[in-house]
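Take a look at the letters that make up each chain.
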Amino acid sequence: QVQLVESGGGLVQAGGSLRLSCAASAHTFSNYAMGWFRQAPGKEREFVAAITWSGGSTFYANSVRGRFIISRDNAKNTVSLQMNVLKPEDTAAYYCAADLNPSDWRTPSAYTSWGLGTHVTVSS
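Residues numbered from 1 in each chain as written. Predicted model: local features only at pLDDT ≥ 70, side-chain atom pairs only at ≥ 80, totals over all residues. Heavy atoms only, no water.

Asks: So what exactly am I meant to see when it comes to the state of the cysteines here?
Replies: Here a disulfide denotes one covalent bond, and it connects the sulfur atoms of two cysteines. Enumeration according to the criterion identifies one disulfide in this entry. Two residues share a disulfide in this structure: Cys 22 and Cys 96, whose sulfurs sit 2.1 Å from each other. Residues Cys 22 and Cys 96 are joined through a disulfide that is left-handed, its torsion about the S-S bond being -80 degrees. Remark: Cys 96 occurs in strand S9 (residues 92-99) and Cys 22 occurs in strand S3 (residues 18-24); sequence separation between them is 74 residues. Per residue, the accessibility class of Cys 22 equals that of Cys 96, and both read buried. (Disulfide = S-S within 2.5 Å. Helix = DSSP H or I, 4+ residues; strand = E, 2+ residues; numbered from the N terminus. Buried < 20%, exposed > 50% of the residue type's maximum accessible area, 1.4 Å probe, protein only.)

Below is the structure:
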């Protein structure tokens with residue numbers, strides 16, 4: 001498994017932007033596919049975005065496509081989530097996840113390593 005630490009959450013007004021980062025302790029970070037998930041109070045954890053090992057392919061939830069951008073820097077062992085045009089419904093705890101080969105990019109149970117999360121609050 002890999003240790004993951006998220007950062008960058010905070011309070012932002014609707015329409016604003018935030019950039020989340022996730023630092024990984026993996027010996028070979030490029031061996032891991034990475035994902036971002038979020039969980040709002042009282043709701044199940046849901047898929048946000050994912051990126052393949054080299055960063056060549058990305059996947060997004062319909063609710064964030066066109067507003068969020070996932071990227072990774074394998075030299076720095078980091079994955080980022082640029083969040084633009086934020087909406088109040090984006091308010092949640094955001095989690096970074098990693099797996100050597102996720103069976104389903106959009107399913108939380110397909111990822112074996114998780115960070116503790118960072119909170120994002122979008123005010124209207």
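There is more to say, and it comes next.
Asks: When you look at the environment of Val 2 in this model, what are you seeing that I'm missing?
Replies: If you trace the backbone, Val 2 turns up in the segment before strand S1 (4-7). Residue classification places Val 2 among the buried positions, given a relative accessible area of 5%. In this structure, the C-alpha to C-alpha distance between Val 2 and Thr 107, residues 105 residues apart in sequence, is 18 Å. Here Val 2 is in contact with Ala 24, Ser 25, Ala 26, Tyr 32, Ala 98 and Ser 113, once residues within four sequence places are set aside. (Contact = heavy atoms within 4.5 Å.)

Asks: Help me understand unusual backbone geometry in this model?
Replies: Where the residue is not glycine, phi is negative for most of them; where a peptide bond is considered, it is trans in most cases. Although it is not a glycine, Asn 77 adopts a positive phi angle of roughly 55 degrees. Within the secondary structure, Asn 77 sits in the loop between strand S7 (68-73) and strand S8 (78-83). For Val 85, which is not glycine, the phi torsion reads 45 degrees and is therefore positive.

Asks: I keep staring at the nonpolar core and nothing clicks. Help me out?
Replies: Grouped together as the largest cluster of nonpolar side chains are 38 residues, with contacts concentrated most on Met 34, Trp 36, Val 79, Leu 81, Met 83 and Tyr 94. At the level of secondary structure, the elements contributing two or more residues to this core comprise S3, strand S4 (33-39), strand S5 (46-51), S7, S8, S9 and strand S11 (118-123). Apart from residues no more than four positions distant in its own chain, Tyr 94 is found in contact with Glu 6, Leu 20, Trp 36, Phe 37, Arg 38, Val 48, Phe 68, Leu 81, Met 83, Gly 117, Thr 118 and Val 120. (Core = buried A, V, L, I, M, F, W, Y, C linked by side-chain atoms within 4.5 Å.)

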